[in-house]
Each structure stands twice: as structure tokens, then as C-alpha cells.
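The primary structure of each chain is shown beneath.
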Amino acid sequence: MRLKIDHTTVYRFETPVVYGLQQLRKTPKSSYNQSVLGWDTRIDGGRKEVMFEDHHHNTTELISFDPNITELSVSSAGEVEITDNAGILGPHHGMTPLWLYQMNTSLTEAGPGTRALVKGMTADAGISELHDLSDRIRSQVSYTLGASSPNWSAEDAIAAGQGVCQDHTHIMLACARALKLPARYASGYLMLNETTIQDAMHAWAEVHVEGLGWVGFDVSNGVSPDTRYVRVATGLDYSDAAPITGTRIGGVNEELHVSIHVVQQ
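Predicted model, so just to flag it, every value in this text is computed and none were measured.

*Asks:* Now, about the overall build of the chain: what can you tell me, with residues and values included?
*Replies:* Helix and strand counts for the chain stand at five helices and 15 strands. Here the C-alpha atoms of the chain give a radius of gyration of 18 Å, agreeing with the 18 Å that 2.2 N^0.38 yields for 265 residues. Residue burial in the chain is summarised as follows: out of 265 residues, 51% are buried. Within the chain, counting contacts between residues at least 6 apart in sequence, those at least 24 apart form 75% of the total. Of the roughly 11,800 Å² that the chain leaves accessible, carbon and sulfur atoms contribute 52%.

*Asks:* Tell me about the layout of surface pockets, and please be specific about residues and values.
*Replies:* A volume near 1,200 Å³ is recorded for the largest pocket. Elements represented by at least two residues in the lining of the largest pocket include exactly strand E1 (2-24), helix H4 (165-178), strand E9 (183-190), strand E11 (202-209) and strand E15 (255-264). Lining the second largest pocket we find 14 residues, and of these Lys29, Tyr32, His56, His57 and Arg231 sit closest to its centre. Residue contributions to the lining of the second largest pocket peak at four residues, all from strand E13 (residues 229-235). Taken together, the residues of the lining of the second largest pocket sort by class into four nonpolar, seven polar and three charged.

*Asks:* How would you sum up the sheet that holds E13? Please name residues and give values.
*Replies:* In spatial order, the strands read E6-E12-E11-E9-E13; together these five strands make up an open sheet with antiparallel pairing. Strands with a single pairing partner mark the edges of an open sheet, and in this sheet they are strand E6 (88-90) and E13. With direction set aside, neighbouring strand axes in the sheet form an average angle of 35°. The sheet contact formed by E9 and E11 spans six bridges and is antiparallel. Counted as the bridge partner of Tyr185 is Ala205 from E11. Sitting on the sheet, helix H2 (residues 127-140) is in contact with E6, E11 and strand E12 (213-217), with an inclination near 30° to E12. Relative to the sheet, H4 contacts E9, E11, E12 and E13, its axis offset from that of E11 by approximately 15°.

*Asks:* Can you tell me about the nonpolar core, naming the residues and giving the values?
*Replies:* The biggest cluster of nonpolar side chains holds 44 residues, and the ones touching the most others in it are Leu130, Leu133, Ile137, Ile171, Met172, Tyr189 and Val207. With seven residues, H4 is the single largest residue contributor to this core. If we ignore the near neighbours within four places in the chain, the residues touching Val207 are Leu130, Met172, Ala176, Leu181, Pro182, Ala183, Gly213, Trp214, Val215 and Phe217. Counting eleven residues, the second-largest nonpolar core is a separate cluster that includes Val17, Ile43, Ile63 and Leu72.

*Asks:* I'd love a proper account of the pattern of salt bridges, names of residues and values included.
*Replies:* Tallied over the full model, the rule gives 13 salt bridges. A salt bridge links Arg47 to Glu49; its shortest N-O distance comes to 3.0 Å. Salt-bridge contacts for Asp135 lead to Arg138; the nearest nitrogen and oxygen are separated by 2.9 Å. Here Asp135 and its partner Arg138 are both found in helix H2, three residues apart, which amounts to about one turn of the helix. In this structure Asp135 comes out as partly exposed when scored by relative accessible area, which is 35%. On the accessibility criterion, Arg138 (28% relative accessible area) is partly exposed.

*Asks:* Can you lay out the packing of aromatic side chains for me, pointing to particular residues and giving the numbers?
*Replies:* Two measures describe an aromatic ring pair: the distance that separates the ring centres and the angle between the ring planes. Within the structure shown, the criterion is met by five aromatic pairs. When the centroid spacing of 6.1 Å and the interplanar angle of 70° are considered together, the rings of Tyr185 and Tyr238 count as edge-to-face. Of the two residues, Tyr185 sits in strand E9 while Tyr238 sits in helix H5 (residues 238-241), which places them 53 residues apart along the sequence. Judged by centre distance (5.2 Å) and plane angle (90°), the ring pair of Trp204 and Tyr229 falls under edge-to-face.

Reading the values: the criteria
Residues numbered from 1 in each chain as written. Predicted model: local features only at pLDDT ≥ 70, side-chain atom pairs only at ≥ 80, totals over all residues. Heavy atoms only, no water. Helix = DSSP H or I, 4+ residues; strand = E, 2+ residues; numbered from the N terminus. Rg over C-alpha atoms; globule rule 2.2 N^0.38 Å. Buried < 20%, exposed > 50% of the residue type's maximum accessible area, 1.4 Å probe, protein only. Contact = heavy atoms within 4.5 Å. Areas by Shrake-Rupley, 256 points an atom, 1.4 Å probe, with all protein chains shown as cover. 1 Å grid on protein atoms, 1.4 Å probe; cavity = no way out; pocket = protein on both sides within 12 Å on 5 of 7 lines; lining within 4 Å. Points joined across faces, edges and corners; volume = space filled by probe spheres on them. Nonpolar A, V, L, I, M, F, W, Y, C, P; charged D, E, K, R; others polar. Pairing = 2+ DSSP bridges. Axes fitted to C-alpha atoms, helices over the stretch in contact; angles between N-to-C directions. Core = buried A, V, L, I, M, F, W, Y, C linked by side-chain atoms within 4.5 Å. Salt bridge = Lys/Arg side-chain N within 4 Å of Asp/Glu carboxyl O. Phe/Tyr/Trp six-rings, centres within 6.5 Å; stacked < 30°, edge-to-face > 60°.

Any link to function would need more than the numbers given here.
Next up, the structure:
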């Protein structure tokens with residue numbers, strides 16, 4: 001399947017920004033089951049300083065703000081060809097060691113809620129057991145838009161009994177790592193059936209399964225990623241794969257507007 005994606009992020013500030021830098025992780029790459037046919041990012045109110053690949057192999061662009069701006073626009077667009085692999089990506093590759101993805105972070109630290117979810121499971125859990133785990137997470141933590149805070153941990157979401165795709169992914173990572181399974185956070189684009197307009201990127205988990213390699217699990221939708229999914233960035237948690245992170249001096253009272261269009265070509 002060929003997907004066309006347009007992703008625009010606009011920041012508006014009540015007072016001018018004196019200085020600012022941002023890292024963008026909005027560019028998919030040709031790997032595993034996807035081929036990027038074309039991709040371009042345009043900046044209004046700033047400029048690209050450098051593009052590089054980070055230690056998780058994410059294509060990352062560093063941009064600077066123009067002096068004294070009150071609006072910054074970042075627009076990315078392109079086409080990606082996806083082949084169906086039933087969510088199985090295959091062997092780990094690259095310089096980053098596989099054991100790194102067994103490490104917990106403050107967002108994926110296992111606590112009582114996590115241990116209850118994996119009770120009775122072992123490190124040799126296969127795809128069937130991991131899908132069952134995904135179902136348990138979704139049944140105990142309902143998907144509720146706007147229900148969580150961006151800094152919620154896996155345990156916070158379990159205790160609240162609700163969350164969004166970011167929370168579901170952090171819980172799956174906490175559970176997998178509690179079983180000593182390498183697991184990573186994946187962010188990207190998802191073509192929805194009911195609308196072509198979205199206001200946020202999607203997130204899912206990837207767990208390394210013996211004999212198969214990396215396998216994707218979208219807890220929020222109860223499926224493994226298929227041809228509707230475009231992988232963009234991965235990491236230990238959301239902070240490694242966030243589409244935009246950065247810092248600035250000045251620019252008070254920020255307003256953020258995000259528009260994402262994903263359609264089949």
C-alpha cells in the first residue's frame with residue numbers, strides 16, 4: 001500500500017522568541033517493510049542546521065529559530081510504500097546493542113500494576129502470549145482521549161485505568177522488560193478508516209521475540225501494525241521518539257496547532 005502523508009506543526013507565541021532550537025523526528029526511513037518514495041520538510045520562521053541519525057537510528061533534523069519570531073511552522077510531506085509483514089520486522093540490526101532495550105526508564109519502570117499484568121508469564125513468551133498481554137492491558141486501561149498527562153508513567157496509567165496510545169505503549173514496554181524481553185517505543189503515522197485528518201502521531205510497542213526478531217504490538221487497537229502504519233522513530237520511551245523536542249528563550253504563552261493527513265494513494 002502506498003500512503004501519502006502531510007504533517008504540519010505550527011507554534012505561535014505572544015512575545016518574540018529570542019533563541020530556540022528543536023530536534024525533529026518526523027522523517028520515516030526505508031527499512032524493514034517500508035520504502036520511502038519521497039519526503040521533504042519545510043521550515044517557516046527558522047532554518048535547518050543539520051540532519052543526522054541518532055543512536056536509535058532515527059533520522060533527526062536540528063532546526064534553529066529565526067530571531068524574534070512569533071510564529072514557527074514545520075511542514076513535512078511525502079509518500080511511503082508499505083508491504084504487509086503481519087507485524088514481524090525481523091532481526092535486530094545496527095550498532096545499538098539489543099540489551100539496551102531491556103533497560104527501564106522513569107516512564108517504563110515496573111511496579112505492582114505491571115507485575116500483576118505479567119503474573120504467570122515467562123521470558124520465553126511467544127506472539128500468542130504477547131497478544132494476550134496486549135488484550136489485558138487494553139481491557140484494564142481504557143483508551144480515553146485527553147485522559148492522561150504527557151509525563152505519566154506506565155504505573156500512573158495502570159492506576160488511573162485509562163490513557164492514550166502513549167500510555168498503552170509504555171505499559172507494554174514495562175511488561176516486556178519485566179519479563180527480560182527487549183522492547184522499544186515506536187512512533188509513526190497510522191491511516192485511520194474513519195477520517196484522514198488527525199492531530200497527533202500514533203505510538204505502538206515493538207518486542208524482540210526469540211526466533212522472529214522485532215514484532216509490533218499496537219495495544220490501543222488490538223492489532224499488530226499492517227500496511228496502514230508508517231514507522232518514523234523508535235527509542236526506550238516517548239522521550240526518544242517524540243516528533244519534536246527542544247528549548248527556547250522567550251516566546252511566552254505558546255499555542256500549538258498540529259494537522260496530520262494520511263491517505264492511500
